[in-house]
Amino acid sequence: MSRMERRCWWCLPVLSCLLQIFSAHSDFYTSIGHMTDLLYTEKDLVTSLKDYITAEENKLKQVKLWAEKLDVLSATAVQDPEGFLGHPVNAFKLMKRLNTEWGDLESLVLKDTTDGFISNLTLQRKHFPTDEDQTGAAKALLRLQDTYRLDTNIISTGDLPGVTHKSPMTVEDCFELGNIAYTEVDYYHTELWMEQALKQLDEGEESTVDKVTVLDYLSYAIYQQGELGRALELTKRLLILDPEHQRANGNLKYFEFQLIKQRKAQAEEAQKTQNEGKGRTKRQTSDASKKKMRFREPVPERKMYEMLCRGEGIKLTPRRQSRLFCRYYDNHSHPRYLLSPVKQEDEWDRPYIVRYHDIISHSEIEKVKELAKPRLRRATISNPITGVLETAPYRISKRRATVHDPLTGKLTTALYRVSKSAWLTAYEHPLIDQVNQRIEDLTGLEMDTAEELQVANYGVGGQYEPHFDFGRKDEPDAFKELGTGNRIATWLFYMSDVAAGGATVFPDVGAVVWPKKGTAVFWYNLFLSGEGDYSTRHAACPVLVGNKWVSNKWIHERGQEFRRPCGLNETA
């Protein structure tokens, strides 16, 4: 083997590794951990850009000095050309300048100083975020706005709770959000963000986006939501700025015609309702009101989920609260914890959720993140039909995406998860084995049949919609390929504090567990009978501000026969 061949031989694994890393970093918006790499990329580009500017400035400085010198010389020479050239040195220097020095100046001016910067930019652009990343990040902002009921102006000014790096939005930023919502046929958010863009323009902010363009989008979005009167007023305002606007002139006539038609229909409907209302008695109205009060509809899961994320919703009664305790826990005098028990806190009673404090150290967390970060991929979810783990879809809009449920034949809300995850096995590093052993010691459950430790990092507005960890009866093949039975329990480490948002919520019961670095929560997904506990349906709220890292261990039924014996009561 030649020297060159030997060099190529060891380069191949390195190149392969680099390609894997770069390919793993696609879909940047789904992981804050991977987005941090982009900051260093941008910093490198800024340094390269500054080097280019310095080179250009040096070149211009030389040209400027040359021009100033010749300006003085030529000004003197043209006053008495023959007398000036009568000096033999001046004649020689003129020949030299025109034959040599002007050629050198031409070379200097034509010298391309962009090579270094352009080469670096071209190389880095291969690993830049894509259109999907930009759209994904924009939709995440819209999702955060809905979940946490944030005013558009608050987001635009960057005045979010818990922020340390305030970042205001320009007219162009607001317009881009509105435009993305428009392309998604989301006229609700189109209206919000086009109005914000118009507000900032009215306040005098300079922008490449003009009022005519914003008013064009805004009037149409409002029309699509049925507000003909407002759409008409905005169209008139647009035409004051641009009387020749073809589409606006057409819309003006159409809106006026539709508004007359609408008002006529409303008047007829009002008259009809008035005539029908004369036959009603006060008693009938009262009975209907009482009936409505008696049969209140339950709060929809989506609404409850968002309420809990905001810290609203169900609260424990004082009696139930009094039954929750904190304690030092050694799991029935386990040898590892007999002398140094751990701090355990009851978070909820039904289902029973406990939190372990100071259960994983900062150095352990950093090592787990170090091992996981190069392998972070789009999160996976279990296909309820096949039992196979598949990449989670990301559908982010105010109007929730729907999919056809093959089990019921109905359209159902699509589950999505905005995060990236990696799986770490016990044999990869001693720390992972130690973490698994710690979970086994504290829960008393067998880890050999559990799934590998999953590490997840949430992206911009990262969340995981309401779901069950266990396979239900209508999912007969859930986890079939694992061959270890259903998921009996869940252990969840919080590996970072979150400035705002990011709670784990249980919509059916109203439980809210807030992230706290170094802690872990644990709950059983199955009753002693093996039946699923449907109250454990849970979700991860969107991260409003901050970076959320978690790792979880899904523990399965096999191997727990003597550690957690079956019970005869189906729901106990």
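Heads up: the structure comes first, above all this text.
Residues numbered from 1 in each chain as written. Predicted model: local features only at pLDDT ≥ 70, side-chain atom pairs only at ≥ 80, totals over all residues. Heavy atoms only, no water.

Novice: Could you clarify how one ought to interpret the environment of Ser-31 in this entry?
Specialist: Tracing the backbone through its elements, the reader meets Ser-31 in the loop between helix 1 (3-24) and helix 2 (32-77). Linking Ser-31 and Lys-420, residues 389 residues apart in sequence, is a C-alpha distance of 5.7 Å. Contact partners of Ser-31, with chain neighbours within four places excluded, come to Leu-376, Lys-420, Asn-457, Tyr-458 and Gly-459. (Helix = DSSP H or I, 4+ residues; strand = E, 2+ residues; numbered from the N terminus. Contact = heavy atoms within 4.5 Å.)

Novice: Can you help me understand the sheet that holds strand 12 (residues 487-494) in this one?
Specialist: Reading across the sheet, the nine strands line up as 1-2-3-16-12-19-10-9-4 and stay open at both edges, with antiparallel pairing between neighbours. Each edge of the sheet is formed by a strand with only one pairing partner; in this case those strands are strand 1 (326-329) and strand 4 (377-378). Two strands pair when backbone bridges link them, and strand 4 and strand 9 (residues 419-424) are joined in this way by two bridges, in the antiparallel orientation. Note on strand 9: the bridge partner recorded for Arg-378 is Lys-420. Sitting on the sheet, helix 16 (residues 362-372) is in contact with strand 9, strand 10 (453-458), strand 12 and strand 19 (549-556), with an inclination near 100° to strand 9. (Pairing = 2+ DSSP bridges. Axes fitted to C-alpha atoms, helices over the stretch in contact; angles between N-to-C directions.)

Novice: What exactly am I supposed to notice about the packing of helix 6 (residues 131-147) against helix 9 (residues 187-202) here?
Specialist: In helix packing, the relevant descriptors are the interaxial angle and the interaxial distance, both defined with respect to the helix axes. The interhelical angle for the contact between helix 6 and helix 9, taken along N-to-C directions, is 95°, at an axis separation of 12 Å. With respect to helix 9, the axis of helix 6 lies roughly perpendicular. Facing helix 6, whose interface residues are Leu-142, Gln-145 and Asp-146, helix 9 presents Tyr-188, His-189, Leu-192 and Trp-193. For the contact of helix 6 with helix 9, a count of residues per class yields four nonpolar, two polar and one charged. (Parallel < 35°, antiparallel > 145°, perpendicular 65-115°, else oblique. Nonpolar A, V, L, I, M, F, W, Y, C, P; charged D, E, K, R; others polar.)

Novice: How do you make sense of the sheet that holds strand 11 (residues 464-467) when you look at a structure like this?
Specialist: Through backbone hydrogen bonds, the strands of a sheet pair up, either in parallel or in antiparallel fashion. Read across the sheet, four strands follow the order 11-17-14-15 without closing on themselves; strand pairing throughout is antiparallel. Of all strands in the sheet, those with a lone pairing partner are strand 11 and strand 15 (511-513), marking the two edges. When the angles between neighbouring strand axes are averaged without regard to direction, this sheet yields 15°. Inspection of the sheet shows strand 14 (residues 504-506) paired to strand 15 by three bridges, in the antiparallel sense. Within the sheet, the bridge partner assigned to Phe-506 lies in strand 15 and is Ala-511.

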